[in-house]
Amino acid sequence: MSSKKGFSRRGFLQGAGVGGVLGTGLLEREAEAAPAGAAIAGPGAVPITLTINGKPVNLTVEPRVTLIDALRDYVDLTGAKRVCDRGTCGACTVLMNGKSVYSCSVLAIDAQGKSIETIEGMTSPEKMHPVSQAFWENDAQQCGYCTSGFVVACKGFLDEHPNPTEEDVKHGLGGNLCRCGTYMGVRAAALQAAKQMKGGKNG
Amino acid sequence: MFERVEVFYRPASVREAVRLLAGGKGRARIVAGGTDLVVDGDPTARALIDITHSGLAYIRKQGGGCAIGAATTMAELEESRTILALGGGILARAAATCGSIQIRGVATVGGNLANGSPAADLVTPLLVLDAVVVVADAKGRRKLPIAEYLAARGTKGLRQSLLVEVTAPRPLGRRCGWSFQKLGRTALDISVVNVAAGLQVDGAGRIQWARVALGAVAPTAIRAGATEENLQGRTLDAEAIAQAAEGVMREVSPISDVRASAAYRREMCRVLTRRALEECAAQAGCAL
């Protein structure tokens, strides 16, 4: 009946007795209006499967839950930070199919079927990614709260731009903010990491 | 901020999306990249209709021009050969300035237009390109020139419709010039003012066709109609450009806000229009 996990067809929704779940009555009318082909998730929690750092993870979330909240509150991956929660600061950056996204602006349910990479899957104290190493060596952090988002955004950027100029780096990492003002260190780190990653050691 | 959202729909076609929208009784919202909706935090939204699986992510060549699906992302526009070749690539340039990498990977053409911000980066290039917006509702599809769409966007007639596609006609032939100029606090910031221009000159350097559009200086992005008329038939030289740049200042109605004062915006209209027309002149092969 369902084409993808977390989504069901109209028949399922009706069978589940929507009216009892909601007080507004609004969604009953919506469900009636829903064409037979449209995939529906909710109301209430739905089971979904996310591919996080290469592994499938099953969780049950309401449709309104954003990817950042799913990662932090349901999967216990707290590397991505929830700071502005409005798609501006970049502290929640993760890679989705290799591209940087603000995980506060993506619904968890919409991240199904995509490969999600977080800071935890990228680097660890024992085996540092060249980007993390370069951040450390260049003092590219002060309080550290923006750092995981910066490292992920930097890796995503360097994967697609292996030979950046400083101007490219400035533009490419412009979606991440640092209240401590460590931008000079961050840019130096990105340029150093670019050189090291070209050796292909850690990709 | 999706706290009050209860249901998430993922229609597989435009028809389904439109039916869901009509059935939503004003409480369903179209979502694609989600970058505006998250910031907006609309507390009346109870259902989201995700159109990223409705077959609307495409850039097609169409009769010499092109058709762009509403769910096409800024990143896709930036990199598309078709868009880079259209009107000197001004639409691709505008897309490249639209927020950070994280935003451009998910933010869509449809969202940029339907959100209705007077500062939306894609609107001024689309005005210059004589773009047409295709909207769909329960009754079917209709086409609206982009200026008409902007004017009618919030009205009852369009509230229950879905922006489906934007088309740009075949661009003009030889001796054309195009430009997109944006002033923001940083390279990735929202526009304080943006200007797009396009023109074509004849063999003697006289202007045969001119478009000047300005963003963030009126309730919607606008075309400077009087300035365009004054350029028509004139020789494209430094004097014509200076007069046009002065002229646009009389056609705009900027406000003062947190980003800039009205007076500063008006002055920047002159500066950006001059820069835009100078770039157009260089491309059209007119020595100034």
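No experiment lies behind these values; they were computed from the predicted model shown. The numbering scheme is per chain: residues are counted from 1 as the chain's sequence reads. Working convention: letters from A go to chains and numbers from 1 go to ligands, in the order in which they are written. Local features in this predicted model are restricted to residues of pLDDT 70 or higher, and side-chain atom pairs are both shown and tallied only at a pLDDT of 80 or more, whereas totals for entire chains, interfaces and linings draw on every residue. Calculated side-chain values reflect all of the structure's heavy atoms, with hydrogen atoms and water omitted.

Turning our eyes to something else, we now look at the overall build of chain B. Secondary structure is summarised from DSSP: a helix means a run of H or I of at least four residues, a strand means a run of E of at least two, and numbering begins at the N terminus for each. For chain B, the helix and strand inventory stands at 13 helices and 12 strands. Computation of the radius of gyration draws on C-alpha atoms alone. For the globule rule, the value is 2.2 Å times the number of residues to the power 0.38. Whereas a compact globule of 288 residues would reach a radius of gyration of roughly 19 Å, chain B reaches 19 Å, a difference of no more than 12%. With the C-alpha coordinates of chain B rotated into their principal frame, the extents come out at 60 × 45 × 35 Å. Residue exposure (1.4 Å probe, protein chains only): buried if accessible area is under 20% of the type maximum, exposed if over 50%, otherwise partly exposed. Classification of the 288 residues of chain B by burial places 56% in the buried group. Throughout, a residue-residue contact means that at least one pair of heavy atoms, one from each residue, lies within 4.5 Å. Intrachain contacts of chain B at a sequence separation of at least 6 include 62% that bridge at least 24 residues. Using a 1.4 Å probe, the Shrake-Rupley method yields the accessible areas, and only the shown protein chains count as cover for residues. When the accessible surface of chain B is totalled, it reaches about 11700 Å², and 50% of it is carbon and sulfur. For chain B, the distance from the average site of its 36 positive side-chain charges to the average site of its 27 negative ones is 5 Å. Charge counting follows a simple rule: Lys and Arg are positive, Asp and Glu are negative, and His as well as the terminal groups are ignored. Charge placement uses NZ in Lys and CZ in Arg. For Asp and Glu, CG and CD serve respectively.

For the rest of this paragraph, the subject is the overall build of chain A. Check the secondary structure of chain A and you find 9 helices and 6 strands. Here chain A holds 203 residues, and the buried ones make up 52% of them. Across chain A, every contact between residues at least 6 apart in sequence was considered, and the portion connecting residues at least 24 apart equals 59%. Per element, the accessible surface of chain A, about 9200 Å² overall, is 50% carbon and sulfur.

Turning to helix 6 (residues 130-137) of chain A, a few remarks are in order. Along helix 6 of chain A, the residues that are buried comprise P130(A), V131(A), S132(A), A134(A) and F135(A). Of the residues trailing helix 6 of chain A, D139(A) is marked for its positive phi of about 50°.

In this analysis, the protein atoms alone were mapped onto a 1 Å grid. Cavities are point sets where a 1.4 Å probe fits without being able to get out; pockets are open sets with protein on both sides within 12 Å along at least five of seven lines; lining residues have an atom within 4 Å of a point. Grid points are joined across faces, edges and corners, and a volume is the space filled by probe spheres set on the points. Taken as a whole, the second largest pocket encloses approximately 570 Å³ of empty space. Looking at the second largest pocket, it is lined by 28 residues, and the ones nearest its centre are M96(A), K114(A), T73(B), G105(B) and V106(B). By the convention adopted, Pro, Cys, Tyr, Trp, Phe, Met, Ile, Leu, Val and Ala count as nonpolar, Lys, Arg, Asp and Glu as charged, and the other residues, Gly among them, as polar. Of the residues assigned to the lining of the second largest pocket, the class counts are 12 nonpolar, 10 polar and 6 charged.

On to the domain arrangement of chain A. Residues and elements named next belong to chain A. As annotated, the domain borders come from an automatic or database domain assignment. Splitting chain A by domain gives domain 1 (8-32 + 42-121) and domain 2 (123-197). Taken residue by residue, the interface counts 20 residues in domain 1 and 13 residues in domain 2. Of the roughly 1300 Å² buried between domain 1 and domain 2, counting both surfaces, carbon and sulfur atoms make up 54%. Counted as salt bridges are all cases of a side-chain nitrogen of Lys or Arg within 4 Å of a carboxyl oxygen of Asp or Glu. Our count for the contact surface shared by domain 1 and domain 2 stands at 2 salt bridges. The term buried area denotes the loss of accessible surface (1.4 Å probe radius) that occurs when two parts are joined, taken as the sum for both partners.

Another aspect to go through is the environment of L150(B). All names here are of chain B. Looking at where L150 falls in the secondary structure, it is placed in helix 9 (residues 146-152). Judged by relative accessible area, L150 falls into the buried class, the value being 11%. Placed 17 residues apart in sequence, L150 and V133 show a C-alpha to C-alpha distance of 9.6 Å.

With that out of the way, let us pick up the packing of aromatic side chains. Paired rings are identified among Phe, Tyr and Trp, the last through its six-membered ring, by centres lying within 6.5 Å, and are further divided according to the angle between planes into stacked (under 30 degrees), edge-to-face (over 60) and tilted (the rest). The full count for this structure, using the stated rule, is 3 aromatic pairs over all chains. Considering the side-chain rings of F135(A) and F150(A), the 6.5 Å spacing of their centres and the 50° angle between planes classify their relative orientation as tilted. You can see F135(A) sitting in helix 6 and its partner F150(A) sitting in helix 7 (residues 147-160), a full 15 residues away along the chain. The exposure class assigned to F150(A) is buried, which follows from its relative accessible area of 2%. Ring-pair connections join several aromatic residues into one group, and the members of that group are F135(A), F150(A) and Y183(A). Here the basic side chain of K81(A) rests over the ring of Y145(A), its NZ or CZ set 5.6 Å away from the ring centre. Stacked on the ring of Y58(B), the Lys or Arg R60(B) has its end atom at 3.8 Å from the ring centre. By definition, being over a ring means that NZ of Lys or CZ of Arg is both within 6 Å of the ring centre and within 35 degrees of the ring normal.

Let us now look at unusual backbone geometry. For D85(A), which is not glycine, the phi dihedral falls at a positive 55°. The residue R175(B) is not glycine, and still its phi comes out positive at about 50°. By secondary structure assignment, the location of R175(B) is in the loop between strand 8 (162-168) and strand 9 (176-183).

Residue and element names in this part refer to chain B. If you trace the 4 strands from one edge of the open sheet to the other, you get 9-10-11-12, paired in antiparallel fashion. The open sheet has two edge strands with one neighbour each: strand 9 and strand 12 (222-223). What makes two strands pair is DSSP finding at least two bridges between them. Across 2 bridges, strand 11 (residues 207-215) lies against strand 12 in antiparallel orientation. Paired with L214 across the bridge in strand 12 is I222. Running over the sheet, helix 13 (residues 262-283) touches strand 9, strand 10 (193-201) and strand 11 and is turned about 150° from strand 9. Interaxial angle, 0 to 180 degrees, is taken between N-to-C directions of lines fitted to C-alpha atoms, where a helix line uses only the stretch in contact.

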